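Coordinates in review
So the chains spell out like this:
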Amino acid sequence: MPTKIETSLTPEELMEFFRRCAQTKGGARGPAIQALAQEFGVEISHESANTFRKGALKNYLEELKAKSERAQQVAAFAREGLSMSDAASVRLAETVFDDLMSPDAAGLTAKERDTYSKIIARARLGDQRAQKLEADLKLRDEQLTKLKADAKERDERQAKAKAALERVKAGGGLRKETLKQIEEAVAIL
């Protein structure tokens, strides 16, 4: 059941109230909550303040803690070079694993088991696609390296042929027709 603070404040005011309670030095206790509520125009008893602290405020602080932990996890994943989708995938895999390894897993409904099997199948398919992509990229890199080596070899042969042609031209040892045929052949290389 919502407390008087929760029902008396707008959602924006309530979020501000939570924020101010969270920033209270030494933690928000009954008297501090009462004083803050009075600032917001809400008169509450000491017992009402404690009920708020043990309920809504506790939930808010737990949510803040969970968000902080998630932010730390995301930062850790980022430091490891994982994208947000990779991090989400890891988190989902952990959750699925924990759920399936729990003592309650035997009591899963058919629909829940079907959902988990679909999650696992999608994860496996994603892994297979990632492996295929990695293999394709490796093959592409190998092909690119070979093409570069072939182009370099072709350029070297062409340079040698042109150098030989220039030597022949300089020495005057060939007829013009033969020279023309050689130039045409070199241009094809």
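Ranked by internal contacts, the top residues of the largest apolar core, which has 17 residues, are Ile-5, Phe-17, Cys-21, Ile-33, Phe-52 and Leu-57. Those elements that place two or more of their residues in this core are helix H2 (11-22), helix H3 (30-39) and helix H4 (46-79). Considering each element in turn, this core owes the most residues, five residues, to H4. With sequence-adjacent residues up to four places away left out, Ile-33 is seen in contact with Ile-5, Phe-17, Cys-21, Ala-28, Ile-44, Ala-49, Phe-52, Arg-53 and Leu-57.

Our next topic: the packing of H2 against H3. To characterise two packed helices, one gives the angle between the axes of the helices and the distance between these axes. Packing of H2 against H3 brings their axes to within 11 Å, and their N-to-C directions diverge by 145 degrees. Between H2 and H3 lies a crossing whose hand is right-handed. Residues Phe-17, Arg-20 and Cys-21 of H2 touch H3, and the partners they reach there are Ile-33, Leu-36, Ala-37 and Glu-39. Its residues assigned to classes, the contact of H2 with H3 shows five nonpolar, no polar and two charged.

The next subject is a negative patch on the surface. Negative charge collects at one region of the surface, where Glu-94, Asp-98, Asp-99 and Glu-112 lie side by side. For the negative patch, the element with the highest residue contribution is helix H5 (residues 84-101), accounting for three residues. Inspection of the secondary structure assignment puts Asp-99 in helix H5. Residue Asp-99 is classed as partly exposed on the basis of its relative accessible area, which comes to 31%.

Turning to the packing of aromatic side chains, a few remarks are in order. The tally for this structure, following the rule as stated, stands at four aromatic pairs. Seen in terms of ring centroids, Phe-17 and Phe-40 are 5.3 Å apart; in terms of plane orientation they differ by 80 degrees. Their pairing is edge-to-face. With Phe-17 in helix H2 and Phe-40 in the loop between H3 and H4, this residue pair connects regions lying 23 residues apart in the sequence. When its relative accessible area of 0% is taken as the criterion, Phe-17 is described as buried. An angle of 75 degrees between the planes, with centres 5.4 Å apart, marks the rings of Phe-17 and Phe-52 as edge-to-face. You can see Phe-17 sitting in helix H2 and its partner Phe-52 sitting in helix H4, a full 35 residues away along the chain. Residue classification places Phe-52 among the buried residues on the basis of a relative accessible area of 0%.

Analysis parameters
Residues numbered from 1 in each chain as written. Predicted model: local features only at pLDDT ≥ 70, side-chain atom pairs only at ≥ 80, totals over all residues. Heavy atoms only, no water. Core = buried A, V, L, I, M, F, W, Y, C linked by side-chain atoms within 4.5 Å. Buried < 20%, exposed > 50% of the residue type's maximum accessible area, 1.4 Å probe, protein only. Helix = DSSP H or I, 4+ residues; strand = E, 2+ residues; numbered from the N terminus. Contact = heavy atoms within 4.5 Å. Axes fitted to C-alpha atoms, helices over the stretch in contact; angles between N-to-C directions. Left-handed = near helix turned anticlockwise from the far one by under 90°. Nonpolar A, V, L, I, M, F, W, Y, C, P; charged D, E, K, R; others polar. Patch = residues over 30% accessible without salt bridge, like charges linked within 9 Å, V, L, I, M, F, W, Y side chains within 5 Å. Areas by Shrake-Rupley, 256 points an atom, 1.4 Å probe, with all protein chains shown as cover. Salt bridge = Lys/Arg side-chain N within 4 Å of Asp/Glu carboxyl O. Lys, Arg positive; Asp, Glu negative; His and termini not counted. Charge placed at Lys NZ, Arg CZ, Asp CG, Glu CD. Phe/Tyr/Trp six-rings, centres within 6.5 Å; stacked < 30°, edge-to-face > 60°.

Everything listed here is a matter of coordinates, which is why it stays silent on function.
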